[in-house]
Amino acid sequence: MTESCVFCYPDLETEQVVLLSNEYCLFLQLKRAQLKGNQLEGAGVIVPRAHRETAFDLTTEEWVATQQLLQEVKSYLDETHRPKGYNLGWNCGEVDGQHIGHAHFHVIPRYEDEPLVGKGIRYMFKHEANKRR
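So, a few notes on the structure that sits alongside this text.

## A short note on the overall build of the protein chain
Step number 1: Scanning the protein chain for helices and strands turns up two helices and five strands.
Step number 2: Starting at the N terminus, the α and β elements of the protein chain follow one another as β-β-β-α-β-β-α.
Step number 3: Relative to a compact globule of 133 residues, whose C-alpha radius of gyration would be 14 Å, the protein chain shows 15 Å and is just as compact.
Step number 4: Overall size of the protein chain, expressed as C-alpha extent along the three principal axes, is 40 × 40 × 30 Å.
Step number 5: Sorting the 133 residues of the protein chain into buried and exposed places 33% on the buried side.
Step number 6: Counting only contacts in the protein chain whose residues sit at least 6 apart along the sequence, the fraction spanning at least 24 positions is 51%.
Step number 7: Only carbon and sulfur atoms are counted for the fraction: they give 52% of the accessible area of the protein chain, which is about 8,900 Å².
Step number 8: On the protein chain, the mean spot of the 15 positive side-chain charges and the mean spot of the 19 negative ones are 10 Å from each other.

Set out below in structure tokens:
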């Protein structure tokens with residue numbers, strides 16, 4: 001564990017709460033994600049309790065625990081926020097946007113009233129503004 005890591009020590013981020021957990025991982029959510037109508041309403045991350053840099057470093061037990069916790073998270077979010085779909089994903093490395101060097105699995109509920117409804121995670125990659133040089 002790294003003493004300054006907000007995923008190893010969730011209490012370091014005062015706006016972050018642990019909503020669900022199991023032996024190997026936690027589901028963390030920022031308090032603003034609990035607000036109805038917020039841009040990332042219901043969104044959170046599943047993180048391994050052990051400090052792992054990326055998803056490629058997870059143990060088999062952590063993968064299984066992540067999947068199990070994901071099912072609990074979905075049930076919780078379906079009941080609490082009632083999204084119509086989800087985007088799920090890992091960022092692994094700085095070039096793709098991993099800003100905290102502790103593996104974290106994004107769980108992002110999606111809603112019918114969003115301006116970008118129907119636009120999945122590939123939307124930004126296919127967007128003309130993301131054309132490679």
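Structure's up, so let's keep going.
## Some remarks on the side chain of glutamine 98
Step number 1: Its place among the elements puts glutamine 98 in the loop between β4 (85–90) and β5 (105–110).
Step number 2: Reaching out from glutamine 98, the side chain makes a polar contact with the backbone oxygen of glutamate 53 at a distance of 2.8 Å.
Step number 3: A polar contact is formed between the side chain of glutamine 98 and the backbone nitrogen of glycine 93, at a distance of 2.8 Å.
Step number 4: Contacts of glutamine 98, omitting those with residues within four sequence positions, involve Glu53, Thr54, Asn91, Cys92, Gly93, Ala103 and His104.

## Focus: the packing of aromatic side chains
Step number 1: The full count for this structure, using the stated rule, is two aromatic pairs.
Step number 2: Centroid distance tryptophan 63 to tryptophan 90: 5.5 Å. Interplanar angle 65°. Geometry classified as edge-to-face. Here tryptophan 63, found in helix α1 (residues 60–80), pairs with tryptophan 90, found in strand β4; they are 27 residues apart in sequence, far enough to count as distant.
Step number 3: By relative accessible area, tryptophan 90 is classed as partly exposed at 22%.
Step number 4: A centroid spacing of 4.9 Å and a plane angle of 35° characterise the contact between tryptophan 90 and phenylalanine 105, whose relative ring orientation is tilted. Residue tryptophan 90 is found in strand β4, and its partner phenylalanine 105 is found in strand β5; the two are separated by 15 residues along the sequence.
Step number 5: Since its relative accessible area comes to 10%, phenylalanine 105 is described here as buried.
Step number 6: Among the aromatic residues, those joined into a ring-pair cluster are Trp63, Trp90 and Phe105.

Cut-offs applied
- For every chain, the first residue of the written sequence is number 1, and numbering continues from 1 along that sequence.
- The model is predicted, so local features are restricted to residues of pLDDT at least 70 and side-chain atom pairs to those at 80 or more, both for listing and for counting; the totals for chains, interfaces and linings are taken over all residues.
- Each side-chain value is derived from all of the structure's non-hydrogen atoms; neither hydrogens nor water enter the calculation.
- Helix numbers and strand numbers start at the N terminus; a helix is a DSSP run of H or I with at least 4 residues, a strand a run of E with at least 2.
- Atoms considered for the radius of gyration are the C-alpha atoms alone. The globule rule reads 2.2 Å times the number of residues to the power 0.38.
- Any residue under 20% of the maximum accessible area for its type is buried, any over 50% is exposed, and the rest in between are partly exposed; the area is computed with a 1.4 Å probe on protein chains only.
- Two residues form a contact once any of their heavy atoms are found within 4.5 Å.
- Throughout, the Shrake-Rupley method with a 1.4 Å probe supplies accessible areas, and for residues the shown protein chains are the sole cover considered.
- For this count, His and the chain ends are skipped, Lys and Arg are scored as positive, and Asp and Glu as negative.
- Where a charge sits is defined by one atom per residue type, namely NZ (Lys), CZ (Arg), CG (Asp) or CD (Glu).
- Whenever two N or O atoms come within 3.5 Å, that pair is a polar contact, provided that in protein one can donate a hydrogen and the other can accept it, and provided that, for residues adjacent in sequence, both atoms are side-chain atoms.
- Classification of ring pairs uses Phe, Tyr and Trp, with its six-membered ring standing for Trp, and accepts pairs whose centres are within 6.5 Å; under 30 degrees between planes counts as stacked, over 60 as edge-to-face, and the remaining range as tilted.

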